[in-house]
Amino acid sequence: MPTKDEVLACEICECGGKSVAEAIKLFQETSLPYKKAKKLVTECDKSCCRTALTRLFDMAYFGNFDYDEIHRLIQLRHDKLGEMIERMKSGR
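Owing to the predicted nature of the structure, the values given are computational and were not obtained by experimental measurement.

**A look at the side chain of Ser-19**
And step 1. Positionally, Ser-19 belongs in strand S2 (residues 18–19).
And step 2. If near-sequence neighbours (up to four positions away) are discounted, Ser-19 is found in contact with Leu-8, Ala-9, Cys-10, Glu-11 and Ile-12.

**Concerning the nonpolar core**
And step 1. Among the nonpolar cores identified, the biggest contains 23 residues, and Ile-12, Val-20, Phe-27, Leu-53, Leu-56 and Ile-70 are the most heavily contacted of them.
And step 2. For this core, the secondary-structure elements that each account for two or more residues are helix H1 (4–9), strand S1 (11–13), helix H2 (20–29), helix H3 (34–42), helix H4 (50–62) and helix H5 (67–78).
And step 3. Apart from the residues lying within four places of it in its own chain, the contact partners of Phe-27 are Ala-37, Lys-38, Val-41, Leu-53, Leu-56, Phe-57 and Ala-60.

**Describing the pattern of salt bridges**
And step 1. Inspection of the entire model under this criterion finds five salt bridges.
And step 2. Its salt-bridge partner being Lys-18, residue Glu-43 comes within 2.5 Å of it at the nearest N-O pair. With a gap of 25 residues between them, Glu-43 in the loop between H3 and H4 and Lys-18 in strand S2 connect regions that are remote in the sequence.
And step 3. Under the relative-accessibility criterion, Glu-43 is labelled exposed at 54%.
And step 4. Among the ionic pairs, Lys-39 bridges to Asp-45, the shortest N-O distance being 3.0 Å.
And step 5. For Lys-39, a relative accessible area of 41% gives the class partly exposed.
And step 6. Members of the salt-bridge network, linked through shared partners, are Arg-55, Glu-69 and Arg-72.

Rules used in this analysis
Residues numbered from 1 in each chain as written. Predicted model: local features only at pLDDT ≥ 70, side-chain atom pairs only at ≥ 80, totals over all residues. Heavy atoms only, no water. Helix = DSSP H or I, 4+ residues; strand = E, 2+ residues; numbered from the N terminus. Contact = heavy atoms within 4.5 Å. Core = buried A, V, L, I, M, F, W, Y, C linked by side-chain atoms within 4.5 Å. Buried < 20%, exposed > 50% of the residue type's maximum accessible area, 1.4 Å probe, protein only. Salt bridge = Lys/Arg side-chain N within 4 Å of Asp/Glu carboxyl O.

Taken by themselves, the reported measurements are silent on function.
What follows is the structure, given as structure tokens:
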């Protein structure tokens, strides 16, 4: 698994070009609900990184970060088949 610093440097969404660390900072500094706070990170209305950003938003809200989980979700975004299987497992 990657180190915490490697995960923080990963790009969370290609649309906004923000890193995980930048996304965490934006989520911690805003009192906006997820849907509006997401636009600060992605700068778009697409849902390409919804799963990773939703989890990251929740982690920032509760102040408890699971960097392995964040990395896994970012990797799943690039693996469309894996993402579909994950959604079927979780019932979404």
